[in-house]
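Residue-level structural notes
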Amino acid sequence: MIVSAIAFYVFSAIAVAAGFMVIASRNPVHSVLFLILTFFNAAALFVLMGAEFIALILVIVYVGAVAVLFLFVVMMLDIDFVELRQGFLQYLPIGGLVGIILLIELFLVGAAWVISPEAAHVVAAPVPAFIDHVTNTRALGRVLYTQYMYLFQSAGLILLVAMVGAIVLTLRHRPDIKRQVIWKQVGRSRSEGVEYKDVKPGQGL
């Protein structure tokens, strides 16, 4: 019990510190590396809680795919970060307002948790009591695809729209690059694709 408590405090402290460094680091590559460290420590916390499936998903999906993709994108893009930081002060009031709202919401969540301590038992036992020997994967799937089915599908739809929006916003058409126009290639006739030349002897085209 003491070892698990010590491990919890160590992993949680490192996760909070790494999460703070994600937004405090000046180098974006360092921010992504701190984000990977945060994911690893969050996965360790899930393992301590007995949710090994969520921990593996967090490591495989977020660390192995999303965070590494962020790292490669940040390293490959030619972004002038000095120019981006020039307008920091003009967004400071809006950022401070958003931070105050988040602090108020966190305070309300903490106050509600103190007022309703039975919520911990509800979260800790999402599977009905009459079902025995249920693995974490089956319990998670039962909760997601029964009680939260519509919310789960709505979250997937929102992520799809966000992905399409990000592609549209970042797409840049460069005039010096030749692109295929499929309908023109398919619809062209033989006369457009073949041309006869009458070449005289001793002359070229």
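Scroll up to find the structure this text is about.
Residues numbered from 1 in each chain as written. Predicted model: local features only at pLDDT ≥ 70, side-chain atom pairs only at ≥ 80, totals over all residues. Heavy atoms only, no water.

1. Details of the overall build of the protein
Across its full length, the protein carries ten helices and zero strands. For the protein, the sequential pattern of α-helices and β-strands runs α-α-α-α-α-α-α-α-α-α. For the protein, with 205 residues in total, the buried portion stands at 12%. Excluding contacts between residues fewer than 6 apart, the proportion of contacts in the protein whose partners are at least 24 apart in sequence is 47%. Accessible area for the protein stands at about 17300 Å²; split by element, carbon and sulfur atoms hold 72% of it. (Helix = DSSP H or I, 4+ residues; strand = E, 2+ residues; numbered from the N terminus. Buried < 20%, exposed > 50% of the residue type's maximum accessible area, 1.4 Å probe, protein only. Contact = heavy atoms within 4.5 Å. Areas by Shrake-Rupley, 256 points an atom, 1.4 Å probe, with all protein chains shown as cover.)

2. Let's talk about the packing of aromatic side chains
Taken as a whole and assessed by the stated rule, the structure comprises three aromatic pairs. For the ring pair Phe39 and Tyr62, a centre distance of 5.4 Å and an interplane angle of 50° mean the geometry is tilted. Here Tyr62 lies in helix α3 (residues 52-76) and Phe39 lies in helix α2 (residues 28-48), a separation of 23 residues in the sequence. We classify Phe39 as buried; its relative accessible area is 17%. A ring pair is formed by Tyr145 and Phe152, whose centres lie 5.2 Å apart and whose planes are at 75°; its orientation type is edge-to-face. On the basis of relative accessible area, Tyr145 is assigned to the partly exposed category, the value being 47%. (Phe/Tyr/Trp six-rings, centres within 6.5 Å; stacked < 30°, edge-to-face > 60°.)

3. A short note on the nonpolar core
Of all hydrophobic cores here, the largest spans seven residues; its members are Ile36, Phe39, Ala43, Ala55, Leu58, Val63 and Ala67. Taken together, the elements giving at least two residues each to this core come down to α2 and α3. Looking at which element gives the most residues to this core, the answer is α3, with four residues. Here Ala67 is in contact with Val32, Ile36, Phe39 and Tyr62, once residues within four sequence places are set aside. (Core = buried A, V, L, I, M, F, W, Y, C linked by side-chain atoms within 4.5 Å.)

4. A few points about α2
Between its first and last C-alpha atoms α2 spans 30 Å; for 21 residues at 1.5 Å apiece the expected length is 30 Å, and the two agree. Inspection of α2 places Pro28, Ser31, Val32, Ile36, Thr38, Phe39, Asn41, Ala43, Ala44 and Leu45 among the buried residues, and these make up the whole buried set. Trailing α2 by a residue or two, Gly50 shows a phi angle of about 90°, which is positive. (Expected span 1.5 Å × (residues − 1).)

5. Quick word on the packing of helix α1 (residues 2-24) against α2
It is the contact of α1 with α2, at a shortest axis distance of 8 Å, that shows an interaxial angle of 155°. For the element pair α1 / α2, the angle class is roughly antiparallel. α1 and α2 meet at a crossing whose hand is left-handed. Residue-level contacts link Ser4, Ala7, Phe8, Phe11, Ser12, Ile14, Ala15, Ala18, Gly19, Met21 and Val22 of α1 to Ser31, Phe34, Leu35, Leu37, Thr38, Asn41, Ala44, Leu45 and Leu48 of α2. Here the residues of the contact of α1 with α2 are counted per class, giving 14 nonpolar, six polar and no charged. (Axes fitted to C-alpha atoms, helices over the stretch in contact; angles between N-to-C directions. Parallel < 35°, antiparallel > 145°, perpendicular 65-115°, else oblique. Left-handed = near helix turned anticlockwise from the far one by under 90°. Nonpolar A, V, L, I, M, F, W, Y, C, P; charged D, E, K, R; others polar.)

6. Looking at a nonpolar patch on the surface
Where nonpolar side chains cluster on the molecular surface, the patch consists of Leu157, Leu160, Val161, Met163, Val164, Ile167 and Val168 and spans about 660 Å² of accessible area. In this fold, Leu160 is placed in helix α8 (residues 149-170). When its relative accessible area of 45% is taken as the criterion, Leu160 is described as partly exposed. (Patch = residues over 30% accessible without salt bridge, like charges linked within 9 Å, V, L, I, M, F, W, Y side chains within 5 Å. Salt bridge = Lys/Arg side-chain N within 4 Å of Asp/Glu carboxyl O.)

7. Notes on the side chain of Thr38
With respect to the helices, strands and loops of the structure, Thr38 is situated in helix α2. For Thr38, a relative accessible area of 16% translates into the label buried. Setting aside chain neighbours within four positions, we find Thr38 in contact with Ala15, Ala18, Gly19 and Val22.

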